[in-house]
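What follows is the residue order along each chain.
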Amino acid sequence: MTSHEDEILNGEQKDNLMAQDEVELFIEYDEVLSLLSSLSKEDVGNNNQVGIDDNNNETSKSRTGDAALARLRIIFDKYLECPTLLDPHLEIISSKLCSEAKKTIHLLFGEYCSNGEKPASLASSTNNDVDNANDTDNSKNDMGILESELQSKIDHVSYLKRLLSALYALCKVRGCKNVQKFLPHEASDLEPVMRALRHMNDTRNQSKKPFQSLGAGAYTWESEYSLLLWLGMLSLVPFDLNTIDSSITSVILSENDEKHNKEVTLVNAIQTIAKFYLKDPGPTRDMAASCLASLLSRPDLEDTDLQNFVTWSNSILEGYLRSVQPKTKKASSSNLNTTNNYTVFEAMGVLQTLANIFKTGSRSILIDRHLKCVEVLWDKAILLAEWISPNAGKKNSKSSNGGGVAGTSLMRKLLVKLFARVGCSYMPPRVASWRYMRGRRSLVENLAMSGASKSLDNERKGFSLTHVQVNDMKQQTEFVHKESSLKQNTVDAEIPQPLDSSNKKFDIDDSKIFHVPDQVEDSMAQLIQSLCDPATIVRWSSAKGIGRVTERLPSICADDVLDAILEMFRDREKDNSWHGACLALAELARRGLLLPKRLDEVVPVVVSATQYDVRRGQHSIGAHVRDAACYTCWAFARAYAPSVLGKYIPQVGESIVLASLFDREINCRRAASASLQECVGRQGSDNFRNGISILTKADYYSLGNREDSYTSIAREIAKYEEYRLPIISHVAEIKLFNWDIEIRILASKSIFNLVSLDPKHFAHNVLPVLLEKCTNESLEVRHGAIVGVAELILSLSIYESSTQSSRLMSDETSLTISEMVQLIEKKRLYRGRGGEIMRAAISRLIETFSLAKIPLTVKQQVRLLDSLDANLKHPKENIQIAASNALHALMRSYFPVGAKGPSDRLQKRVVSKYIDIITRSVNPAETRGYTLALGKLPEKLLAPNKTVLDSVINCLVRAANPKIIVGDEADAETRRNAIQALISVCKTVGLEKPTSSSITPKSIYPTVLMNNTNIQCVFKCLCSAMNDYNTDRRGDVGSWSRIAAMHGLESLVYVLIDASPGIPQPYVISGKSMNNEISIVIPPYSDRLQFYEMDAEIRVKQAFINNTPFRVEEKEQASLNNLTYFNDEMCIKILGALFKQLSEKLDAVRLQAGLIVERLLLSRNFRLPFVPDRRTLLDALDAGYEDNSTQRDKNWAMPSFTFPMMVKVMCIDYFFEEILSGIIISVGCLTESVTKFASSNLLVYLRELKSSKDVFQIKKISNGLITLFEKHQKNGRVIIPLLKTFDKILSRGCFDDLFADKNDTFVKGLITCLKKEAFNCKDVHRLIMIISLSIGLLHEKNSLPVQDEIWRFIMKLLTHRYPKIRRLTSENLYVKLLEDTSYLSQDVDVDSVVSLLSTVMWDQDLDHPYNVRESRNVLAKLLGISLSEKELKGPEKQIRKTQVVDEYASYASLVNDSGR
């Protein structure tokens, strides 16, 4: 066996494996087959069951009828994005559907009566037949037979509709062309299908809503679509249709034909009903056009029927043109509805039919036999195109209906298709002999013909044409070709043609043979004009049409077309022209119609289009142009050989690489990446150096993140010298001055990463240019220059320090940078539009050259500090953050402090000023900014002595207080910033350790450290912030403080443990982990025990040598105790606060709390000490132990994940109260998902306790709820969720055991809390829940005193001051008495009680005239409830004393009297 045969066998095996993979990918195949079998069965009630398979997908257990159809639609729609997966099964599914549909159609519509009436099988389906049957004197048995036959026929029609709807669903996913080839096409099927379509049409006309369906049933229009598709296939049967028409003499009347009593043949009937569907606005119009085109393209119908249809189409277009050209405004308004609802769709249907005819029919015969008709229609088409063009309204300003009503993009697209196909019809069906052909595209054939290609290359140099080639070119210029000639020319055209197409002899012969008709010029003019259309689908269709027509033109005409396309690039403001021209160039290149000699003109334009971006107001346009330009580059790579495109590769490759890295839109970056991939693959590694490496780094997925594209990927590609300078120039000259501020910021970050690749170029060439543009008049230019300079000088300083090289920036450049801020302030560039953007940029500039330590004078340092102070009090948060970061760098790089500490002037200028503003200012913007700034100061200013440090901490603690008021209201941002600043101060100043004194020894200036008192103050502040639940119009703004406090507690834990000598410190294990970090763990107990033994041995030996007793001095012991900052109490409080937030309702808060808990408890580099019940806690959190390295990812924001864990953790006594309070808040919140999982998990836990008879835990939870009730009395944030929780628990009987326990005080405590809460309560919503809960407490197991207390409270609610509360109390009590009376004594007359509750109007006046209070007293007497005298009479009415005021006692009265 030869190697070639082995390759063939291997290829077949691979194809088989691929086919098997595709078969396996359609996982619902078996289910689809079962559903197809179930379409015939009707739905029976609600017995349809849905199951779940192994892959968690829905399966149908007993779906039938419409339910099976609905499931089929869902399955097919799943493959809309990748429909080719259905191809291996498409024939089986289509055949099964069509075979069943064929049987049903033949059963229902197989035979017609001789007089043209409906078939006998449907005779009983009409209402008239049923009425006649009712009028007869037949027996009931005959009526039963008729009804059963009628029901049988109705079932068959419903089954047929479901089959056809399923077929449409398949066509929607895979396309009608792929499904149509599997349809039955026997001649005997034509008439039944036609009759079925006619029946569906009658059903539509009788229905009031033909386009709607009940539930998941079949739509009528879907059945019509499938029948029209089938009819289009049957229209192509290779027999004379008159011989198939079995009822040639029968009369098939439409509604319009009945008036004239006109006989219609089968062909006329098909045309009539298809013309009717041309008016439809939906997909049936498309299928009707396709069906008509198939019918009229038959050779036996082209003489008469096609001519008649063209004449009819002409009349339709004329009528439409009259409707869009009204003579008066009244006519315009009267024709508006007709145009939109009827004529527009019919005109589009006509155009679509004509376009399909010129596509499927013999176009040369169409032009030859029906030239006059086409010319008449051609004039109407051109006139119609002019009227519906987008510029028609501008050209015909007098007509209010010029291009607005009918100027739809779909109609313009259809006209473009028609122009292209008619234009091609006027030209010979030839393959252009002058076009450029790259050669065979098959890799195997190219390798096999490698030797032949060399000889062809030698012939190209001398430009010699063989005799065979000349003959082939002459044959291609003949006007009419035979089919065999076309095939031969196509094969010969694959042979590479000469690169130079300027053969004068051939051009002369070509021009002599050809005469381009005027209609071709008209069509080309319309196509070129449509390249500027606002709709993308029109431009794309026009580009394809230009390619098809140009392919049949002589070379000189093709050059004119190319010139016209290039002319569209002149006006840069017309983005649609650029987009359409790029598409047209790509289409010409794909077809070989763009000759290599014109690439010198085309390539620069396309390269310019890859960077097309035009500013329009606050946005820009051009993304579609850049995308089309990338597609054009892709087409160039496929169309031209490497030897042709080689000299343009640097220009094209550079443009698409830049587009793939720096384009603003993700689709453009990915399009450029695809184009680059095509260029590298087609043009070879010789033209694209390092192409494979670039594609590996800049692939489809990595380019999806814009920030990564600008920063990391751009740096990796810039490492290759051929792309380094283009990338640097593009970023520094274009992207840095983009209109979008995000792009400018990303460009500056890109510069930061690129500097190290060529620092001298940046320092000597880029930096001076950017410095000149920092004061430019354009906001975009100066902002981009400032942020670019900021990142550039920082990167240069990092490079100099890392490489220890000489300074790259000159002294003159450093001086310019140091004076830049002052220069910008002098020119007042902070003011006006863009001042806020400039402030943030200047703050970043100050930060970077402070880090770079640019030399500054003292005066300049003070001026910069003043600038930052002005930015700190700006109301924009991003400016405050940028200014605080700049202050952090400025104060550490400048403002030196001597051995005596900071001067009084500096201390007052910074620390004292900031503290004073935070304490006294009523401007929230100032307090926000200066709290941030206070946390950014260095230790030399924060802690020069104990007094300053205490004042800073006290100031921030006060600002973080949840009850603090700034101005007239609380400010959440100030509290959040103060918490962040507190933690920053703790990290900056540090804590006292046993090895260090209170003053740091290593620094050149004295500073103090924080002591235990300061730590306790900070810790209390953070714990207080964890209870910040303040709200405003923005919602729960206190959550910002809680999140900041959680992060603060985490950081504080690390600081405290590090400074606590009493806690064993982690030690370093040799080696590194997978993420290249040193592993740090706590020593095991055995190692620590050995350490303690060795330490004790050393101490004993030392004491024996020194002859001193072995004991610890009291002072040393006291010092060690004071320096143990972290203890078990703090650990429990911190974890309890975190678990409380982890149990509450906000997803964002739960997410942060969960991540912090995970880091504290599960970190391998840190072990939190003093954790109570560590193993139980870790098991409850489903976390395993710390040594478990394979931890699954956790989404703490999901309620379904978090609340089951929290219920388990609640079993730990240390965290019970906090978690219970958090879960109660979640149970009563408004978010459905949170309430659902919080309440369900709590109730499941209580049911488990009840089933296991764990009364202790149930009492513990009940007491915890009562404790929360008492603790948060009158606090609606907690009480309302708590009342909802009580209601859910009691309604499900979880606390029934507590009612039976006579010694338990739960019910008594709850009713006491309810009384206190209802007293003077004005919240109606809260009172309503109290009513429901208090009535729900009525229980037969209650003790008599408790029951009496509940009744007395209910009686009090019946005389509440709010009428709504009285009415709701009576209604709830009425329902309770109807449901259960076991809690009442036997001597109570229940009927009288119920009657009284239902007859009294409880929402009326308490006293006269309705006397609701007396009715309440009667009710209490009936129930045997003793009320006090005060409760019976009610509160005494207070008589308000009216003071007599002298109307003349004020000056206002005098003014009023004088004004009368």
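The residue count restarts for each chain, going from 1 along the sequence in the order it is written. Only residues with pLDDT of at least 70 are given local features in this predicted model, and only at 80 or more are side-chain atom pairs given and counted; all residues enter the totals for whole chains, interfaces and linings. The side-chain quantities take in all heavy atoms of the structure and omit both hydrogens and water.

Caption draft 1: Layout of the confidence of the model for the protein chain. The pLDDT averaged across the protein chain works out to 80; a share of 77% of its residues lies at or above 70. Per-residue pLDDT, averaged within each element of the protein chain, yields its smallest value for helix α22 (residues 483–493) (33) and its largest for helix α36 (residues 741–754) (96). Low pLDDT, under 50, characterises residues 1–22; the predicted model gives this stretch 4 contacts beyond four residues in sequence or across chains. The pLDDT score gives, residue by residue, the confidence of the prediction method on a 0 to 100 scale. Working rule for contacts: check all heavy atoms of both residues, and any pair within 4.5 Å makes them a contact. Here residues 210–215 is modelled with pLDDT under 50, and outside its nearest four sequence neighbours on either side it reaches 8 contacts, counting other chains as well. Numbered from the N terminus, helices here are DSSP runs of H or I no shorter than four residues, and strands are runs of E no shorter than two.

Caption draft 2: The arrangement of helix α47 (residues 946–959) in detail. Each helix should span, by expectation, one fewer than its residue count multiplied by 1.5 Å. A rise of 1.5 Å per residue sets the reference length of α47, with its 14 residues, at 20 Å; its end C-alpha atoms lie 20 Å apart and thus fit the reference within 8%. Val948, Leu949, Val952, Ile953, Cys955, Leu956, Val957 and Ala959 are the residues of α47 that are buried. In the core, the buried residues of α47 are packed alongside α44 (904–920), α45 (924–936), α46 (939–942), α48 (972–989) and α49 (1012–1025). The N-cap of α47, judged by a side-chain oxygen 3.1 Å from the amide nitrogen of Thr947 a few residues on, is Asn945. Only protein chains enter the area calculation, which uses a 1.4 Å probe; residues under 20% of their type maximum are buried, those over 50% are exposed, and those in between are partly exposed. In protein, a polar contact means a hydrogen-donor-capable atom and an acceptor-capable atom, both N or O and within 3.5 Å, with residues adjacent in sequence counting only if both atoms are side-chain atoms; elsewhere, any N or O pair within 3.5 Å suffices.

Caption draft 3: Broad picture of helix α25 (residues 536–550). Under the 1.5 Å per step criterion, the end-to-end length of α25 is 21 Å for 15 residues, consistent within 8% with the ideal 21 Å. The set of residues buried in α25 consists of Val538, Arg539, Ser541, Ser542, Ala543, Gly545, Ile546, Gly547, Val549 and Thr550. Of the surrounding secondary structure, the elements contacted by the buried residues of α25 are α18 (409–425), α24 (518–530), α26 (555–567), α27 (575–590) and α29 (623–639).

Caption draft 4: Structural detail: the pattern of salt bridges. One side-chain nitrogen of Lys or Arg within 4 Å of one carboxyl oxygen of Asp or Glu is enough to make a salt bridge. Across all of its chains, the model carries 62 salt bridges by this definition. In this structure, the salt-bridge partner of Asp87 is Arg174, at a minimum N-O distance of 2.4 Å. Residue Asp87 is found in helix α4 (residues 87–109), and its partner Arg174 is found in helix α6 (residues 140–174); the two are separated by 87 residues along the sequence. One continuous salt-bridge network, built from bridges that share partners, spans Arg435, Glu551, Glu587, Arg590 and Arg591.

Caption draft 5: Spatial organisation of unusual backbone geometry. The phi dihedral of Arg828 is positive, around 55°, even though this residue is not glycine. Along the chain, Arg828 falls in the loop between α40 (820–826) and α41 (835–851). Arg828 gets classed as exposed once you look at its relative accessible area, which sits at 55%. Phi at Phe1170 is positive, roughly 65°, even though this residue is not glycine. In this fold, Phe1170 is placed in the loop between α54 (1147–1162) and α55 (1174–1180). Residue Phe1170 is classed as partly exposed on the basis of its relative accessible area, which comes to 37%.

Caption draft 6: Region of the structure containing the packing of α48 against helix α50 (residues 1038–1059). It is at 8 Å that the axes of α48 and α50 come closest, and there the two elements cross at 5°. As judged from the angle between their axes, α48 and α50 are roughly parallel. Mapping the contact onto sequence places Ala972, Glu973, Arg975, Arg976, Ile979, Gln980, Ile983, Cys986 and Lys987 in α48 and Gly1038, Trp1040, Ser1041, Ala1044, Ala1045, Gly1048, Ser1051, Leu1052 and Val1055 in α50. By the convention adopted, Pro, Cys, Tyr, Trp, Phe, Met, Ile, Leu, Val and Ala count as nonpolar, Lys, Arg, Asp and Glu as charged, and the other residues, Gly among them, as polar. A class-by-class count of the residues in the contact of α48 with α50 yields 9 nonpolar, 5 polar and 4 charged. Comment: axis = line fitted to C-alpha atoms, over the contacting stretch for helices; angle = value between 0 and 180 degrees taken between N-to-C directions. If an angle is under 35 degrees, it is roughly parallel; if it is over 145, roughly antiparallel; if it lies from 65 to 115, roughly perpendicular; otherwise it is oblique.

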